[in-house]
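Single-letter residue listing:
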Amino acid sequence: MSISHAPPESQEPDISGISQQANSPGDAVGSDATPDSTPDSTPDATPTGLEPIVPASSRRTRVPRWLRRTTGPVLLLLLWQLLSATGVLTPDVLASPGRIAQVAGDLIADGSLASAMTTSLQRVAGGLLLGTIIGTGLALVSGLFRVGEDIVDAPVQMLRTVPFVGLIPLFIIWFGIGEAPKIAIITLGVTFPLYLNVYAGIRGVDSQLIEAGESLGLSRWGLVRHVILPGALPGAMTGLRYSLGIAWLALVFAEQVNADSGIGFLMVQARDFLRTDVIVVCLIVYAFLGLLADFIVRTLERLLLQWRPTFTGR
């Protein structure tokens, strides 16, 4: 008998059957397993006792936004009426909401409120147009050119620190007591917020976007049109909203100095006769017109800035 010291031949186990059984989703490993032995092997089966995760924002009660926005003013109005009814606010201090509504109806009926609103809107429109042209033009010159910045920016920064209300006597001396000084005051109040925001918007454009435009072969005018002005547009819209608020503020001062028409003129007359109800009606009209102007600007902003998605709150 001869004994061989050679190692036995390696025998690999046959796993083809196992792999075939593992690849078939309905079969179990083992010869005795049948498809009926698995209780539920379908991929659509959902484990019991589990609930889908729902974001917290979707679990909150959905309240219409218009209702939420009107809650604050309505509560303030109810508190005002309550204080007036209990005698805490006397009519010579502040008229009740019911009295103010009655006076507003009388002013609308005789046409005096509509005439005053028309005159005030014309003044604001004229001052806003001139201020927009001047402020935007100065910002373009100062923001696009270094020479323009050296010449324009310093005088504008000095003038914007001067209270425009203090210039009313000087404007009356220069322009008389007609419509010109009133429009000049509104123009001065509108110019500086627009200048600052448009200038900051131009200088806030990313320099890498400028380099990318130059590498694409854009000319200087092409850079201004396709890169700089779109980049400065959000700042310009913000400046326009600020300017509208200051325009109504300037209108109040302008119409209370040598004015014979407008909402401010009604307020001066009401002050002389101690009519707090008429004064409050005029203030509400100012607030309503300012809110309407801001709504128009915000709508314009959404239309012009559709390319810039922003966070809108949750």
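Residues numbered from 1 in each chain as written. Predicted model: local features only at pLDDT ≥ 70, side-chain atom pairs only at ≥ 80, totals over all residues. Heavy atoms only, no water.

### Some remarks on the overall build of the protein chain
The following threshold applies: Note on conventions: DSSP H or I runs of at least 4 residues are helices, E runs of at least 2 residues are strands, and numbering of each starts at the N terminus. Summary of the burial criterion: residues with accessible area below 20% of their type's maximum are buried, those above 50% are exposed, and those between are partly exposed, where the area comes from a 1.4 Å probe applied to protein chains only. All accessibility values rest on the Shrake-Rupley procedure with a 1.4 Å probe; residue burial counts only the protein chains present in the view.
When helices and strands are counted, the protein chain shows 12 helices and zero strands. Tracing the protein chain from N to C terminus, the helices and strands come up as α-α-α-α-α-α-α-α-α-α-α-α. Buried positions account for 29% of the 314 residues belonging to the protein chain. Accessible area of the protein chain: about 21300 Å², with a carbon and sulfur share of 64%.

### Here we look at the pattern of salt bridges
Note the following rule: What counts as a salt bridge is simple: a side-chain nitrogen of Lys or Arg found within 4 Å of a carboxyl oxygen of Asp or Glu.
Summed over all chains, the structure comprises seven salt bridges. Across the salt bridge formed by Glu149 and Arg203, the nearest N and O atoms sit 2.9 Å from each other. Here the residue Glu149 occupies a position in helix α6 (residues 146-160), and Arg203 occupies one in helix α8 (residues 179-203), the gap between them amounting to 54 residues.

### Quick word on the packing of aromatic side chains
Two descriptors summarise a pair of aromatic rings, namely the distance from one centre to the other and the angle between the planes of the rings. Short version of the rule: In this analysis, rings of Phe, Tyr and Trp, with Trp reduced to its six-membered ring, are considered paired at centre separations within 6.5 Å, and the interplanar angle assigns stacked below 30 degrees, edge-to-face beyond 60, and tilted for intermediate values.
Here the structure, examined in full by the defined rule, presents four aromatic pairs. Look at Phe171 and Phe175: their rings are 5.8 Å apart centre to centre, the planes differ by 55°, and that puts the pair in the tilted class. Remark: Phe175 and Phe171 occur in helix α7 (residues 168-175); sequence separation between them is four residues, near one turn of the helix. Since its relative accessible area comes to 9%, Phe171 is described here as buried. Overall, the relative accessible area of 42% leaves Phe175 in the partly exposed class. When the centroid spacing of 6.3 Å and the interplanar angle of 90° are considered together, the rings of Trp174 and Phe175 count as edge-to-face. Every member of this aromatic cluster is reached through a ring pair, and the members are Phe171, Trp174 and Phe175.

### Points about a nonpolar patch on the surface
Applied cut-off: Patches here are clusters of residues that have more than 30% relative accessible area and form no salt bridge, with a 9 Å joining cutoff for like charges and a 5 Å cutoff for nonpolar side chains (Val, Leu, Ile, Met, Phe, Trp, Tyr).
Together, Leu129, Leu130, Ile133 and Ile134 make up an exposed nonpolar region whose accessible area comes to about 380 Å². Relative to the elements of secondary structure, Ile134 occurs in helix α5 (residues 112-144). According to the relative accessible area criterion, Ile134 is partly exposed, its value standing at 41%.

### Quick word on the packing of helix α11 (residues 263-272) against helix α12 (residues 276-304)
This is how it is decided: Interaxial angle, 0 to 180 degrees, is taken between N-to-C directions of lines fitted to C-alpha atoms, where a helix line uses only the stretch in contact. In this scheme, roughly parallel covers angles under 35 degrees and roughly antiparallel covers those over 145, while 65 to 115 is roughly perpendicular and the rest are oblique. Put simply, a crossing is left-handed when the front helix is turned counterclockwise from the back one by less than a right angle, and right-handed when it is turned clockwise. In this description, contact between two residues means that some pair of their heavy atoms is separated by no more than 4.5 Å. Any residue that is not Ala, Val, Leu, Ile, Met, Phe, Trp, Tyr, Cys, Pro, Asp, Glu, Lys or Arg is counted as polar, Gly included; the first ten are nonpolar and the last four charged.
One can describe the packing of α11 onto α12 by two numbers: an axis separation of 8 Å at closest approach and a directional angle of 160°. When the interaxial angle is binned, α11 and α12 end up roughly antiparallel. Read as a crossing pair, α11 and α12 show a hand that is left-handed. Counted together, Ile263, Gly264, Leu266, Met267, Ala270 and Arg271 of α11 and Val278, Ile279, Cys282, Leu283, Val285, Tyr286 and Leu289 of α12 form the full contact between these two elements. Here the contact of α11 with α12 is built from residues that sort into 11 nonpolar, one polar and one charged.

### Observations concerning the environment of Pro234
Here Pro234 lies in helix α10 (residues 220-255). Residue class for Pro234 comes out buried when judged on its relative accessible area of 12%. Those residues within four positions of Pro234 in sequence are excluded, and the remaining contacts are Leu305 and Arg308.

### Looking at the confidence of the model for the protein chain
Convention followed: A residue's pLDDT is the predictor's confidence in that residue, given on a scale from 0 to 100.
Looking at the protein chain as a whole, its pLDDT mean stands at 79, while 79% of the residues score no less than 70. In this model residues 1-13 is a low-confidence stretch, pLDDT under 50, and it forms zero contacts with partners more than four residues away in sequence or in other chains. For the stretch residues 15-43, pLDDT sits under 50, and the model shows nine contacts to residues farther than four places along the chain or on other chains.

### What to know about the nonpolar core
Looking at soluble globular proteins, one finds that nonpolar side chains tend to be buried together. Test applied: Side-chain atoms within 4.5 Å link the members of a nonpolar core, which is a set of buried Ala, Val, Leu, Ile, Met, Phe, Trp, Tyr and Cys residues.
One finds Ile185, Ile186, Trp248 and Ile263 to be the most contacted residues of the largest nonpolar core, which totals 51 residues. Here this core gets 12 residues from one element, more than from any other, and that element is α10. Excluding residues within four positions of it along the chain, Trp248 makes contact with Leu121, Val124, Tyr286, Leu289, Gly290 and Ala293.

### Some points on the side chain of Ser120
The topology assignment puts Ser120 in helix α5. Sequence-distant contacts of Ser120, defined by excluding residues within four places in its chain, comprise Leu251, Glu255, Gly262 and Ile263.

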